[in-house]
Amino acid sequence: MKEEVLNKRFRRTRDAFRAATRVFRNPVTTFGALILVLLIATALFAPYIAPFPDQGRGLSNLEERLAPPSLRHPLGTDNLGRDILSRLIFGARISLKAALLVVSIVVLVGVPLGLIAGYIGGKVDEFIMRFADMILAFPSLLLAIAIVASLGPNLFNALIAISLPWWPWYTRLMRSQVVTVKESPFIESARAVGVSSVRIMLRHILPNCLSPIIVQATLDMGYIVLSIAALGFLGLGTQPPAADWGVMVSDGREFFLKQWWISTFSGGAIFLSVLGFNLVGDGIREAMDPKIRWRFQRN
Amino acid sequence: MQPYIKNRKTLMTCVVLAVLFFSFSAQGAELPKNLMVFASTDSVTTWDPSASYSVELSYMANIYEPLIWVSPPGSSKPFQPALAERYEVSTDGLTWTFYLRKGVTFHDGGTLSAKTVKDSFERTMRMGKGAAFILNPIKSIEAVDDNTVRFVLKNPAPFDRIAASAYAAWIISPKGAGKDREWFDAGNEAGSGPYMLESYKPDEEIVFKKFDGYWRGWKGPHFDRVVVKIVKEATVAEQMLDAGAADLANRVPIESSRHFNDKKCCERIVGPSFMNYALHLNTQVSPFDNKKVRQAVSYAVPYKDMIDVGLGGLGRQAVGPIPYGQFGHDDTLFQYTHDVEKARELMAEAGYPKGVDRTVLFTYASENAVEKAIAPLLKEALAAIGIPMEIRPMIWSAQWDLVKSGPKGAQDIAALLWWPTFSDPFETLYSLWHIEEKPDWNFSYYRNPDFDKTIKAAYSKTDASEARKLYTKAQQMLIEDAPSVFLFDVEQPVFKRKELKGVVVNPNYPRAYSWYDMYKD
């Protein structure tokens, strides 16, 4: 008995380890992960890393307006003389926090609904899925813009506005998984021994449907960073003086011909973080997809 | 689902990148001498001359003409004749007689007569849109004979300045006066000015051609065609000028504007404008119901830095609410300086030595780049005297709705760009600070019966120096009570190729330039 438990534990760790090595055997994925680790580290330690933390938070420094990149300001300064590097570092906090929040919201809303729709079926399924379809009928960014415009532009409203048109993707994804899994023999046997529906859903179906959700969530993080930046660019997201990459790109537009560093570096930051999330997301998907898993198997 | 998501992602990336790189798309071509291309930021909100009350003035002023024009500051005469050759006013200031120019034809073939003028004004008054309120003093309009029209007023008012207004005073052809707004907005016009509307693509391009029958004639160098390219992106406008794809532009990036005269091809002309910016403090709600706190804010604002960052240096700190150059402006009025120590003292006297424990709300029109640029500076300035502030940009119409819902539960500070509809200080002082039971333009909810009495007395004076004295007194009250922070008067730049000549800036007609006077050599 004891041995069995040990064995089980060992097997679990071993499987997780194997999965991880599968994911990171691909050098492109490792590169993406490296970007993300860097990004998360800068966000966490922003006040210690940023050369001018006060300016990163928004304090103006009018003596050094629009200074080109130099040793003192490696990426130059903006219209109010603030160090771009510090602004980017503090901007990482906002982008990551926002992406994490939105993903948690959409997963927490979308996944349970999908689980219920798929498992219970019938009228409940119809109701949830038609409602989801209705929301999906609107272009998501357009709907987000409309929502922010009516609620008033700030970061919190922007997050809500992005989450609202987004959760149905997870409901649909989850439902399609649940519908396949619930027909499997092991669910049937669980039901035969009298396990309750809730327990079946949570203990047997949910864990078996999670991998596509994880892949989707990772890929979506990048898209959310981009959406937040887009709303910020349009003046509908984060409000100055807080640092936001999209706002910085937009602010730099006015100076783009002569002071190219404002828009370019902030655009670069958006690009890198989206790239990081996409590479890692793709890597996880390939590692989890049985159809292409053979590529990673040892000869 | 996967490929779809990917497509959306690509699309989004493209949108962000496209805006960045759009600026590289200016084309290079030499323009012929009889054609002018004007890169303008101003869209047309309506083509109806009776309802027009916005930036389309830039084009209206070249299609239509008023009875008389207000001259730019520094001219020998205050007015220039247009469709009226001269005018008379009775001694009581109630009867104004205009003698019309003979032989003026409209673009549609109609001819100018006293009835045309009467019909035009009556159409504007009947519609009651835009700036029609400035015609409120009119009691009746009478066509004495074919070329004489008489206006009788209910109360004395400076009707010459009203007749020369940039809005609501255009003369419309006999045919046009019978049409409704839809007809005009379909891209039709009924003016008598030098240029006719040839084609109109909303937010893209407007083409004008010269009107052969124009009463001033076409001797000397003029343009046969004027093409307006509506360019919202300032960097694009600058590149069009650099490449010779445009002759005139009304906006380039602020930082480029500063060094614009270093260019070989182009130059910047800076003229006065009657536009000014002010911050309006909510005088009915704590902490700004306290005069000392309001004065402290007036001392805390870094005027010079704001002019530098927001306007690229093109402006000067305001002296009172009436801008430099306008009738009623008084240079000797008291001017607050940027003095943080003094501001802190006032805060302590007001009972806030440790600052205010409430976060005040600052709103500005999100369309306005100047207000956006100065918002962070204001936040820092108020933080320095212990007033925490939240910045909330709002679409202009939403900001105005919030103001109108006040004073309780509305904004604490509102930024407002203001310019007079016609060149009399009464309109500015009355609209912005007279007691309103239902807030409309009184953004500070200021209530001072003495002030109301003073400006009304000033408006009914036909003697200019007496009126001026009363306007000065009224402005002193505003400066002492400090319901608003008078930030800065804007200087209006316009950017042009060096070969373009004859560009005149007249602040009475903001952003409108007379194309008839321009030519290339």
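Residues numbered from 1 in each chain as written. Chains lettered and ligands numbered in written order. Predicted model: local features only at pLDDT ≥ 70, side-chain atom pairs only at ≥ 80, totals over all residues. Heavy atoms only, no water.

J.: Kindly report on the packing of aromatic side chains, identifying the contributing residues and their values.
T.: Residue and element names in this part refer to chain B. As enumerated under the stated definition, the model contains 44 aromatic pairs over all chains in all. Centroid distance F426 to Y430: 5.1 Å. Interplanar angle 25°. Geometry classified as stacked. Here the residue F426 and the residue Y430 both occupy positions in helix α13 (residues 425–433), the gap between them amounting to four residues, near one helical turn. For F426, a relative accessible area of 11% translates into the label buried. In this structure Y430 comes out as partly exposed when scored by relative accessible area, which is 29%. Three or more aromatic residues joined by ring pairs make a cluster, and in this case those are F38, W47, Y59, Y195, Y200, F208, Y214, W215, W218, W515 and Y516. Just above the ring of Y324 sits the side chain of R316; from NZ or CZ to the centre is 3.7 Å. Directly above the aromatic system of W400 lies the positively charged group of K404, at a separation of 3.8 Å from the ring centroid. (Phe/Tyr/Trp six-rings, centres within 6.5 Å; stacked < 30°, edge-to-face > 60°. Helix = DSSP H or I, 4+ residues; strand = E, 2+ residues; numbered from the N terminus. Buried < 20%, exposed > 50% of the residue type's maximum accessible area, 1.4 Å probe, protein only. Lys NZ or Arg CZ within 6 Å of the ring centre and 35° of its normal.)

J.: Give a description of the nonpolar core that names residues and reports values.
T.: By size, the foremost hydrophobic cluster in this structure holds 149 residues, and its most contacted members are L67, F151 and F208 of chain B. When sequence neighbours within four positions are dropped, the list of residues in contact with F208 of chain B reads W47, Y59, I63, Y195, M196, L197, E198, D224, R225, V226, V228 and W515 of chain B. The next biggest cluster of nonpolar side chains, apart from the first, holds 70 residues, and it includes L39, V111, I200 and V274 of chain A. (Core = buried A, V, L, I, M, F, W, Y, C linked by side-chain atoms within 4.5 Å. Contact = heavy atoms within 4.5 Å.)

J.: For the interface of chain A and chain B, give the residues involved together with the corresponding values.
T.: With 37 residues of chain A at the contact, the number on the chain B side is 36 residues. Roughly 3,400 Å² is buried in total at the junction of chain A and chain B, and carbon and sulfur atoms are behind 65% of that figure. When the buried surface of chain A facing chain B is broken down by residue, W169, E254 and L257 of chain A rank first, second and third, together holding 20% of it. For the pair chain A and chain B, the number of links is six salt bridges. (Buried area = accessible area lost by both parts, 1.4 Å probe. Salt bridge = Lys/Arg side-chain N within 4 Å of Asp/Glu carboxyl O.)

J.: I'd like to hear about the layout of surface pockets, residue by residue, with values.
T.: Residue and element names in this part refer to chain B. Taken as a whole, the second largest pocket spans an internal volume of roughly 580 Å³. As for the second largest pocket, its lining consists of 32 residues, and the residues nearest its centre are P78, F79, R161, F327 and S423. Of all the secondary structure elements, the ones that give two or more residues to the lining of the second largest pocket are α4 (159–163), α14 (449–459) and α15 (464–481). Here the lining of the second largest pocket gets three residues from one element, more than from any other, and that element is α15. Of the residues that constitute the lining of the second largest pocket, the class distribution is 16 nonpolar, ten polar and six charged. (1 Å grid on protein atoms, 1.4 Å probe; cavity = no way out; pocket = protein on both sides within 12 Å on 5 of 7 lines; lining within 4 Å. Points joined across faces, edges and corners; volume = space filled by probe spheres on them. Nonpolar A, V, L, I, M, F, W, Y, C, P; charged D, E, K, R; others polar.)

J.: Could you give an account of unusual backbone geometry, naming the residues involved and the relevant values?
T.: All names here are of chain B. Along the chain, S286 connects to P287 via a cis peptide bond; the corresponding omega equals 5°. Counting through the fold element by element, P287 comes out in the loop between β12 (266–281) and α8 (291–300). Of the consecutive residues G406 and P407, the connecting peptide bond is found in the cis state with omega at 0°. In this structure, D203 is a non-glycine residue whose phi angle is positive, near 55°. Here D203 shows up in the loop between β8 (195–201) and β9 (205–210).

J.: Report on the sheet that holds strand β7 (residues 148–153) of chain B, specifying residues and quantitative values.
T.: Residue and element names in this part refer to chain B. Read across the open sheet, the four strands follow the order β4-β5-β7-β6; overall the sheet is antiparallel. Edge strands, defined here as strands with exactly one partner in the open sheet, are β4 (84–89) and β6 (138–145). Direction aside, neighbouring strands of the sheet carry axes that sit 20° apart on average. Relative to β7, strand β5 (residues 95–100) runs antiparallel, the two being bridged by five bridges. Within the sheet, the bridge partner assigned to T95 lies in β7 and is V152. Sheet strands in contact with helix α3 (residues 114–127) are β5, β6 and β7, and its direction is about 165° off that of β6. (Pairing = 2+ DSSP bridges. Axes fitted to C-alpha atoms, helices over the stretch in contact; angles between N-to-C directions.)

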